[in-house]
Amino acid sequence: SMNLKVSTAFVSLATTAHRRSPILRASCTFSRTETALKPFFRIYYNDVYEVNLPPRHRFPMKKYAQVRHKVQEMVNQLNEEQQNLIDCEFCVSPLTTFDELATTHSIEYINRFLTGDQTEQEQRNVGFPWSQQGVDRALSSVGGTLAAARDVCQLWQDHHHHHLTGRPAPWAAHVAGGTHHAFYDRGEGFSVFSDMAVAANVVLQEYPSTIRKVLMVDLDVHQGNGNAVLFEKNPNVVTFSVHCVGNYFSKKQDSDLDIELPIECTDQTYLMTLNHWLNQINKENEKADDKIDLIFFQAGVDVLEADRLGRMSLSQEAVSRRNNLMYDFAQKMNVPLVICMGGGYPRTDDWAPIIEAHANVYFQAHQYLSNLQSSQ
């Protein structure tokens with residue numbers, strides 16, 4: 001099988017760009033014996049793989065770097081003591097390999113995408129014209145989510161192996177990904193490959209004693225239709241999607257649990273509904289023999305009233321409360337968490353609400369873990 005290499009010129013360019021800032025490392029590793037009891041929260045980003053889209057293209061490519069910079073700024077504004085409460089590092093997303101993709105997607109489809117053998121219709125369905133830049137971006141979208149998942153699974157496995165107690169379950173995040181509209185042999189809705197699906201399939205294979213059952217919580221305004229189909233016959237991955245009834249752009253699929261909310265859905269309806277189902281899942285899990293070992297959170301912010309495509313009416317405050325409901329849930333379940341970015345489509349004149357909402361997802365996770373640590 002072939003291993004994918006991004007052009008070396010590009011990699012060296014990407015790495016030198018990051019040597020200047022101490023907080024960024026081009027590749028992140030950690031020692032296997034790392035037994036510090038600080039909460040772990042690593043943040044991957046792939047905005048170094050920017051794609052030059054045609055003018056007036058409706059995909060907000062520039063938001064990825066803006067969100068990452070905003071999160072870094074928010075973390076850097078904390079004083080040193082606050083920053084040192086948790087082990088947080090920003091890392092460039094690696095590119096996924098052919099074999100990793102092949103755990104989830106058709107070999108023919110992967111090959112055709114990598115070589116640019118794409119019909120007009122396929123490119124229209126995905127929403128991006130094919131380019132080599134686009135290949136690297138798609139591979140890094142998967143690679144960052146997979147790296148985040150491997151990090152938390154490795155730490156969790158070590159944690160169990162060394163019988164460490166007192167350290168909360170590790171979390172990691174990707175300021176990208178959440179591409180939940182990709183199917184086995186095709187893409188749609190700005191999704192070429194499913195990063196969450198590849199990451200789940202790989203860690204189920206690589207950490208069989210630690211990770212046996214995975215939960216995907218998809219809170220993007222659109223149904224996670226690709227993931228629903230990719231895992232419909234797989235009892236080891238549970239798919240849960242909360243989405244707007246008015247936002248299907250292709251055939252509705254069946255997740256393990258689908259919750260449809262009305263067009264113009266408001267804060268209270270949304271939060272009460274989500275809270276109810278997270279509590280249900282937690283209760284069921286307590287009784288189950290095969291408990292959930294890992295959670296993916298697709299944190300799309302296109303539920304905001306300010307979103308151009310979303311058709312829901314949530315306030316910024318409600319999206320923040322949604323995030324904290326998720327973090328409370330992950331903390332109660334006491335398993336590793338991987339956070340992916342998902343959708344958020346600014347109106348042309350004002351990007352601030354969408355950038356702020358995306359950045360809050362990551363900064364709130366940082367603060368949530370910091371608060372756990374400071375209350376010890």
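See the structure shown above.
Residues numbered from 1 in each chain as written. Predicted model: local features only at pLDDT ≥ 70, side-chain atom pairs only at ≥ 80, totals over all residues. Heavy atoms only, no water.

Asks: For this particular structure, what's the right way to read the pairing of strand β5 (residues 214-218)?
Replies: Along a regular strand, successive side chains alternate from one face of the sheet to the other. Burial analysis of β5 places 5 of its 5 residues in the buried class, the great majority of the element. Residues V214, M216 and D218 line one face of β5 and the alternating positions L215 and V217 line the opposite face, and both faces are buried. As for the winding sense of the linkage, the β-α-β connection from β5 through helix α9 (residues 225-230) to strand β6 (residues 237-244) is right-handed. Strand direction decides the pairing type here: β5 and strand β8 (residues 294-298), joined by 5 bridges, are parallel. Each bridged residue has a counterpart across the sheet, and for D218 the counterpart in β8 is Q298. (Buried < 20%, exposed > 50% of the residue type's maximum accessible area, 1.4 Å probe, protein only. Helix = DSSP H or I, 4+ residues; strand = E, 2+ residues; numbered from the N terminus. Right-handed = clockwise from strand over helix to strand, strands pointing away. Pairing = 2+ DSSP bridges.)

Asks: Help me out: how do you make sense of unusual backbone geometry in this one?
Replies: If a residue is not glycine, its phi is most likely negative; likewise, a peptide bond is most likely trans. Its identity is not glycine, yet E264 carries a phi of approximately 65°, on the positive side. Position of E264 relative to the elements: it lies in the loop between β7 (257-261) and α10 (267-287). A positive phi angle is found at R311, which is not glycine, with a value near 65°. By secondary structure assignment, the location of R311 is in the loop between β8 and α11 (316-333).

Asks: Can you walk me through the packing of aromatic side chains in this structure?
Replies: The geometry of an aromatic ring pair is captured by the separation of the ring centres together with the interplanar angle, meaning the angle of the planes. Overall, the coordinates contain 11 aromatic pairs when judged by the stated rule. Ring centres of Y109 and F193 lie 5.8 Å apart, and the angle between their planes is 75°; this geometry places the pair in the edge-to-face category. Of this pair, Y109 sits in helix α5 (residues 107-115) while F193 sits in the loop between β4 (171-174) and α8 (195-206); the two residues are 84 residues apart in sequence, bridging distant segments of the chain. Classification of F193 as buried rests on a relative accessible area of 2%. (Phe/Tyr/Trp six-rings, centres within 6.5 Å; stacked < 30°, edge-to-face > 60°.)

Asks: What exactly am I supposed to notice about the layout of surface pockets here?
Replies: Gaps between atoms show up when a probe of the same size as a water molecule is rolled over them. If you add up the space inside the largest pocket, you get close to 710 Å³. As for the largest pocket, its lining consists of 47 residues, of which V126, E188, G189, F190 and S191 are closest to the centre. When residues of the lining of the largest pocket are traced back to their parent elements, those giving at least two are α2 (63-76), α5, α6 (120-126) and α7 (132-161). Partitioned by chemical class, the residues of the lining of the largest pocket number 20 nonpolar, 20 polar and 7 charged. (1 Å grid on protein atoms, 1.4 Å probe; cavity = no way out; pocket = protein on both sides within 12 Å on 5 of 7 lines; lining within 4 Å. Points joined across faces, edges and corners; volume = space filled by probe spheres on them. Nonpolar A, V, L, I, M, F, W, Y, C, P; charged D, E, K, R; others polar.)

Asks: Looking at this structure, I do not really get helix α12 (residues 352-374). What am I missing?
Replies: Structurally, the α-helix is built with 3.6 residues per turn, so residues lying three or four positions apart point the same way. Between its first and last C-alpha, α12 extends 31 Å over 23 residues, near the 33 Å set by a 1.5 Å rise per residue. At N360, α12 is bent by approximately 30°, the largest bend along its length. (Expected span 1.5 Å × (residues − 1). Bend = angle between axes of the 7 residues up to and from the residue.)

Asks: Is there a simple way to explain the environment of L37 in this structure?
Replies: Residue position: L37 is located in the loop between β1 (24-25) and β2 (40-45). Residues L37 and P168 lie 131 residues apart in sequence; the distance between their C-alpha atoms is 8.0 Å.

Asks: For this particular structure, what's the right way to read the nonpolar core?
Replies: For soluble globular proteins, nonpolar side chains are generally found buried alongside one another. Counting 113 residues, the largest nonpolar core has F193, Y270, I295, F296, Y327 and I339 as its most contacted members. Ranked by residue count, the leading element in this core is α12, at 11 residues. Each residue touching Y270, except ones within four places of it in the same chain, is listed here: L219, V242, L261, C265, V303, M312, L314 and R322. (Core = buried A, V, L, I, M, F, W, Y, C linked by side-chain atoms within 4.5 Å. Contact = heavy atoms within 4.5 Å.)

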